[in-house]
Protein chains: 2
Amino acid sequence: MATIREIAEKANVSIATVSKVLNRKGGISQETVNNVMKIARELNYRPNFTARSLKNGQSRTIGVITEDLTVFNTPEIVDGIDAYCENNGYHYILGNLRFNKRFGNQPDPEECAKLVHSQVDTMLSKQVNGIIYVGYHSRAIAPVYNYEEIPFVYTYCYSTDPNIPCVLYDDQKAAYEATQLLIDRGHCDIGVIAGPTNSIHSANRILGYQEALYANKIPFNPKHIVYGNWERDIGYELSKELIQSGVTAIFAHNDLMAAGVIDYCTEHKIQVGKDLALIGFDNREIGTASRPKLSTVSLPLFDMGQTATQVLLNILAGKHIQRGQKVMLACTIIERESTMPASDSC
Amino acid sequence: MATIREIAEKANVSIATVSKVLNRKGGISQETVNNVMKIARELNYRPNFTARSLKNGQSRTIGVITEDLTVFNTPEIVDGIDAYCENNGYHYILGNLRFNKRFGNQPDPEECAKLVHSQVDTMLSKQVNGIIYVGYHSRAIAPVYNYEEIPFVYTYCYSTDPNIPCVLYDDQKAAYEATQLLIDRGHCDIGVIAGPTNSIHSANRILGYQEALYANKIPFNPKHIVYGNWERDIGYELSKELIQSGVTAIFAHNDLMAAGVIDYCTEHKIQVGKDLALIGFDNREIGTASRPKLSTVSLPLFDMGQTATQVLLNILAGKHIQRGQKVMLACTIIERESTMPASDSC
DNA sequence: AATTACATAGAAAACGTTTAAATTTAGGCA
DNA sequence: TGCCTAAATTTAAACGTTTTCTATGTAATT
């Protein structure tokens, strides 16, 4: 690779002059500028990013740690980070932890923490100016040991440390709107298939659900909430319970469990969309593949990536950020075939 | 961040000594080693990767260019690259082109090329030692203008330049095996719903299909091959044609079109798995969501990532590589419910 | 006591840049 | 001619490392 020095030699000027020309600093005669530029082009010169950032002491680079790139939704968030970086003259380096292949569904917090630490170390070594942590478990598994050292922003999960800013989607609002849709379609006996009882996401969604019932003066029946494990089979099981207890609509807290509901209904000749209204959560591909197509809640993934980056770059630019700021982004309701008007209203 | 210089001061030794200790070079007394190590730990020292690679003139870093990270399959390939790099002491930097959001289904080769060039420029700037190009169109859209400058390896797509090594999956073999499965299940009138006529992948799959027919002494009927556009709707349309012409099994060249076949059959009370055998390609989530569950071909994505990296690192290590080498990795057949034995055999 | 050998440590240059300060050059004016 | 100014260019140091070569001190050998 050609260096500034080689250009200087060919052009019969000093390396300082070349540097100034290349960085458009001015104070150089037009003739010299032209000549240097021409030679740089001829030599196919490319500035050495490494040398430059060593000298300048700044890399304009942020680190992006993903708990698992292959987990659905993560790439879309990274895409948002990518776009925002590009539009703001920043670079990023990706550090993928591969939690899924390493740990499956039972991540060992100890081991996870080690991976995060070593990734953070590597990134600090590479002089990043800040780090975005993209989780996929509701709460980041691995605590960040010393976040004072470098600005951190979490997205797609709550941070373990309440002082670190998070960029999240608004579960409660989304659940409110999903429930309202069901109510608008004429339902008042609305069941909920939630995630595990310890899920923050489900807890917030239940809040939104209750809020919507309250706003519509529909009494809340605790029996209408049942708890699953996010898997398809449990959706099948729980829908039986719910339907037998008389609900005419179900709000499943993810599309997989909603697919289980459809399985059960198909098997028992209950027409989803006619006899039972159903809405899921996540907007996965499975929702367009099912019969009927599934109404669902779509997550603002790309936007989360962009916003997380924006928050981080703001911090880097010295803009005052409230400690522990939580940015909540709105989801969008996608109505498909599984939520048609019920025959009778309440 | 602490530097080697600060450590040297605190330890009352020269920076050369510190460097030697940190790099375990030997020739330093145990006492000094202990002292320097202790101070380094106290100061939370982390080597400056930038300075180090500037000095050494090597980054042990490769570039990974993805045409689109959010396109299904890409993250899994990157995961493989990640794993292989980690196991071999290499770093990688990701450059995501976001073709999908930028261009949709009609990528402009001119614009694509520009993006690739600028990404390659950036990576060369950052002193990468080689580049892996992860495509998703059958042939890389953007030609690499000057591959002499740095080793390139393509994966998941054919390169525009025949001299660049590619790591691919073996369409022909997979198609052979998929067809053989249909034959084993008792079918001899086997239709094919291929991709567009200009698809290299489909062309190879048709070859494998014909080969299997030949091996089983089943006459080849050109009418049994119809061409689609990879979309679900076209699967619906074409299955009508095929079924009317008397096939009892269909090999769809992707899962989406296979889903369209199921749509048609469900609507016309044809029982897939009983009246009609069906196998798709790609192993997308949709195949487990459909009723019946779809038999399909699973791509060796992770393996492709690993192998592409292996090929690149071999080149970097100076191992002789045949120009234009094509590495073909085997797919796996996944049998689910859509390929049950037919009632009569041929 | 002089020489050699070895273990340990340090000095200095280098990697490819940027930049403040110094120097050269040319032109304008008394 | 001599001086001043502004423009153009160069010098040199610095960023944080690694590494070669050299220097020092001590112990072993003659």
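Above this note sits the structure.
Residues numbered from 1 in each chain as written. Chains lettered and ligands numbered in written order. Predicted model: local features only at pLDDT ≥ 70, side-chain atom pairs only at ≥ 80, totals over all residues. Heavy atoms only, no water.

J.: Got a minute to help me understand the interface of chain B and chain A in this structure?
T.: Much of the literature gives interface size as the accessible area that the parts lose upon coming together. Contact with chain B, which involves 46 residues of that partner, is made by 45 residues of chain A. Summed over the three residues of chain B that lose the most area to chain A, namely Arg-46, Arg-98 and Glu-285 of chain B, the buried surface amounts to 14% of that side. For the pair chain B and chain A, the interface holds 18 salt bridges. Note that Glu-285 of chain A is salt-bridged to Arg-284 of chain B, the shortest N-O span being 2.6 Å. Run the count over chain B and chain A and you get 32 residue pairs in polar contact (both at pLDDT 80 or more). Listing elements by their share of the side of chain B that touches chain A, those giving two or more residues are α4 (49-56), α5 (74-87), β2 (91-96), α6 (99-103), α7 (109-125), α11 (255-267) and α12 (286-289) of chain B. Tallying contributions element by element places α5 of chain B first for the side of chain B that touches chain A, with seven residues. Here the residues of the side of chain B that touches chain A sort into 18 nonpolar, 12 polar and 16 charged. (Contact = heavy atoms within 4.5 Å. Buried area = accessible area lost by both parts, 1.4 Å probe. Salt bridge = Lys/Arg side-chain N within 4 Å of Asp/Glu carboxyl O. Polar contact = N/O pair within 3.5 Å; in protein donor to acceptor, adjacent residues only side chain to side chain. Helix = DSSP H or I, 4+ residues; strand = E, 2+ residues; numbered from the N terminus. Nonpolar A, V, L, I, M, F, W, Y, C, P; charged D, E, K, R; others polar.)

J.: Quick question: what am I supposed to make of the protein's contact with DNA strand C here?
T.: The environment of DNA strand C is made up of 28 residues, and the closest members are Ser-19 of chain A together with Ser-14, Lys-20, Thr-32 and Lys-55 of chain B. Sugar plus phosphate, as a fraction of atoms of DNA strand C within 4 Å of the protein: 62%. One of the side-chain nitrogen or oxygen atoms of Asn-23 of chain A is found 3.0 Å away from a phosphate oxygen of DNA strand C. For DNA strand C, a phosphate oxygen lies 2.9 Å from a polar atom in the backbone of Ser-29 of chain B. Within the residue set of the surface near DNA strand C, elements represented by two or more residues are α1 (4-11), α2 (15-22) and α4 (49-56) of chain A together with α2 (15-22) and α4 of chain B. (Near = heavy atom within 4 Å.)

J.: Before we go on, may I ask you to explain the relation of the copies chain B and chain A in this structure?
T.: Each of the two chain copies can be brought onto the other by rotation about an axis and movement along it. When chain B is brought onto chain A, the operation consists of a screw motion whose angular component is 180 degrees and whose axial shift is 0.0 Å, with 0.1 Å RMSD remaining. Put plainly, the chains are arranged around a two-fold axis. The residues that chain B uses at the interface reappear at the interface of chain A in 98% of cases, marking a shared surface. (Least-squares fit on C-alpha atoms with pLDDT ≥ 70 in both.)

J.: Before we go on, may I ask you to explain the packing of aromatic side chains in this structure?
T.: Remark: the centre distance and the inter-plane angle together describe each pair of aromatic rings, the angle taken between the planes. If you walk through the whole model with that rule in mind, you get 16 aromatic pairs over all chains. Ring plane angle 80 degrees and centroid distance 5.4 Å describe the contact between Tyr-236 of chain A and Tyr-264 of chain A, whose orientation is recorded as edge-to-face. Within this pair, whereas Tyr-236 of chain A is found in helix α10 (residues 232-244), its partner Tyr-264 of chain A is found in helix α11 (residues 255-267), the two being separated by 28 residues in sequence. Pairing Tyr-133 of chain B with Tyr-154 of chain B gives two aromatic rings, centres 4.9 Å apart and planes at 35 degrees, and the pair type is tilted. On the criterion of sequence distance, the pair formed by Tyr-133 of chain B in strand β3 (residues 130-134) and Tyr-154 of chain B in strand β4 (residues 152-155) is long-range, its members being 21 residues apart. Relative accessible area serves as the criterion here: at 0%, Tyr-133 of chain B is assigned to the buried category. The class for Tyr-154 of chain B is buried, based on a relative accessible area of 0%. (Phe/Tyr/Trp six-rings, centres within 6.5 Å; stacked < 30°, edge-to-face > 60°. Buried < 20%, exposed > 50% of the residue type's maximum accessible area, 1.4 Å probe, protein only.)

J.: Just to check I follow, could you spell out unusual backbone geometry for this structure?
T.: A cis amide bond, omega -5 degrees, links Arg-291 of chain A with the succeeding residue Pro-292 of chain A. Tracing the backbone shows Pro-292 of chain A in the loop between α12 (286-289) and β10 (296-298). For Tyr-156 of chain A, which is not a glycine, the phi torsion comes out positive at approximately 70 degrees. The backbone phi angle of Asn-283 of chain B is positive, close to 55 degrees, even though this residue is not glycine. Looking at the element boundaries, Asn-283 of chain B is found in the loop between β9 (277-279) and α12.

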